[in-house]
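Working through the structure, step by step
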Amino acid sequence: MPEHPHSFDAADAAARLRALRAELLPLLEALPETRLGRALERPGWTLRHELAALAAGDAELRHVLDALRTHGEAGGALALRRLRGEAMLLAQQMRLHVMREHLAAGVDQAAGALERSGELLDRPLAIVGREVTSVRAYVAGLLAQAESVRDEVRTAIGH
């Protein structure tokens, strides 16, 4: 994938999502469940929160792409807070081994949806409560989040 976070096509972005998750999943196998409660720099957030947010990003990406395909640009700003909250809550309640499986399945679905949606990358996108201007910028944010979570888990296991 090119260095600049916004110069990618859908196949590159999907491959990067899969590659980041492929790096993360073995790290999670080495992570003791007790470290999920490890506090992070973000006030009030733990590693469990970050992993749950990653899982929510998978569900959210599929929803965003489907909404754009169904409603186009005329749909207005997408309200994703409830979807994100419900997906995070579900993931937060999972044991680590179940969360690993959930993250593995989720990225396959999200990356597959992205691969089928290359024509949407340059569309404008508005999400209530977020400073997102395009699908490409939104996907770049998800990639950055995935890198950050991978790095947090590396730190938690001492890599």
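A brief look at the structure comes next. This structure is a prediction, so every number in the text was calculated from the model and none was measured.

**A look at the side chain of R21**
- With respect to the secondary-structure elements, R21 resides in helix α1 (residues 10–30).
- Aside from chain neighbours lying at most four places away, what touches R21 is L54, D58, L103 and V107.

**Quick word on the pattern of salt bridges**
- A full pass over the atoms with the stated rule returns 15 salt bridges.
- Where R21 meets D58, a salt bridge forms, and the shortest distance between an N and an O atom there is 2.8 Å. With R21 in helix α1 and D58 in helix α2 (residues 47–71), this pair connects stretches of sequence that are 37 residues apart.
- Taking relative accessible area as the criterion, D58 reaches 5% and is therefore assigned buried.
- Notably, a salt bridge pairs E60 with R84, separated by 3.2 Å at the nearest N-O pair. Taken together, the residues span a long stretch of sequence, with E60 in helix α2 and R84 in helix α3 (residues 81–92) at a distance of 24 residues.
- In this structure E60 comes out as buried when scored by relative accessible area, which is 0%.
- Linked through salt bridges whose partners overlap, the residues forming this network are E23, R150, D151 and R154.

**A word on the packing of aromatic side chains**
- Under the definition given, this model contains zero aromatic pairs.
- Over the aromatic face of W45 sits the side chain of R42, whose NZ or CZ is 3.7 Å from the ring centroid.
- Sitting above the plane of the F8 ring, R136 keeps its charged end 5.4 Å from the centroid.

**Quick notes on helix α4 (residues 96–115)**
- Its 20 residues give α4 an end-to-end C-alpha distance of 28 Å, which sits within 8% of 28 Å, the value for a rise of 1.5 Å per residue.
- Where α4 is concerned, the buried positions are L96, M99, L103, G106, V107, A110, A111, G112, A113 and L114.
- Where α4 is buried, its residues meet α1, α2, α3 and α5 (135–157).

**Section: the nonpolar core**
- If you look at the biggest cluster of nonpolar residues, it comprises 56 residues, and the most contacted ones within it are L114 and V139.
- For this core, the secondary structure elements donating two or more residues are α1, α2, α3, α4 and α5.
- Residue contributions to this core peak at 13 residues, all from α2.
- With near-sequence residues (within four places) excluded, V139 lies in contact with F8, A13, L61, L114 and L121.

**Brief notes about the packing of α1 against α5**
- Close contact between α1 and α5 brings their axes to 10 Å; oriented N to C, the two are set at 20°. One finds that α1 runs roughly parallel with respect to α5. Helix-helix and strand crossings are classified by hand; for α1 and α5 the assignment is left-handed. Each of A13, R16, L17, L20, E23, L24, L27, L28 and A30 in α1 lies in contact with α5, whose residues at this interface are V139, L143, A146, E147, V149, R150, V153, R154 and I157.
- Class assignment for the residues of the contact of α1 with α5 results in 13 nonpolar, no polar and five charged.

**Topic: the side chain of T46**
- Structurally, T46 can be placed in the loop between α1 and α2.
- One polar contact links the side chain of T46 to the main-chain carbonyl oxygen of L36, over a distance of 3.5 Å.
- Not counting residues up to four positions away in its chain, the partners in contact with T46 are L36, G37, R38 and L40.

Definitions and cut-offs
- In this numbering scheme, every chain counts its residues from 1 along its sequence in written order.
- Where totals are concerned, whole chains, interfaces and linings use all residues; where local detail is concerned, this predicted model gives features only for residues with pLDDT of at least 70, and gives and counts side-chain atom pairs only at 80 or more.
- Calculation of side-chain values draws on the structure's entire complement of heavy atoms; hydrogens and water are dropped beforehand.
- Secondary structure follows DSSP: runs of H or I at least 4 residues long count as helices, runs of E at least 2 residues long count as strands, and numbering of each begins at the N terminus.
- Whether two residues are in contact is decided by their heavy atoms, any of which lying within 4.5 Å being enough.
- A pair is scored as a salt bridge if a Lys or Arg side-chain nitrogen falls within 4 Å of a carboxyl oxygen belonging to Asp or Glu.
- Buried, partly exposed and exposed residues are distinguished by accessible area as a fraction of the type maximum, computed with a 1.4 Å probe on protein chains only: under 20%, between the cut-offs, and over 50%, respectively.
- By convention, a stacked pair of Phe, Tyr or Trp rings (six-membered ring in the case of Trp) has centres within 6.5 Å and planes under 30 degrees apart, an edge-to-face pair has planes over 60 apart, and any other such pair is tilted.
- Ring-over charges, as used throughout, are those where CZ of Arg or NZ of Lys falls within 6 Å of the ring centre and within 35 degrees of the ring normal.
- Here the expected length of a helix is defined as 1.5 Å per residue gap, with one fewer gap than residues.
- Nonpolar cores were defined as sets of buried Ala, Val, Leu, Ile, Met, Phe, Trp, Tyr and Cys residues, with membership established by side-chain atoms within 4.5 Å.
- Lines fitted to C-alpha atoms define the axes, with helix axes restricted to the stretch in contact, and inter-axis angles between N-to-C directions lie between 0 and 180 degrees.
- In these notes the angle categories are as follows: under 35 degrees is roughly parallel, over 145 is roughly antiparallel, 65 to 115 is roughly perpendicular, and the rest is oblique.
- Crossings are assigned a handedness: left-handed for a near helix turned anticlockwise from the far helix by less than a right angle, right-handed for a clockwise turn.
- Each residue is assigned to one of three groups, with Ala, Val, Leu, Ile, Met, Phe, Trp, Tyr, Cys and Pro labelled nonpolar, Asp, Glu, Lys and Arg labelled charged, and all others, Gly among them, labelled polar.
- N or O atoms within 3.5 Å of each other form a polar contact, as long as, within protein, one can give a hydrogen and the other can take it, and as long as residues adjacent in sequence are counted only when both atoms are side-chain atoms.

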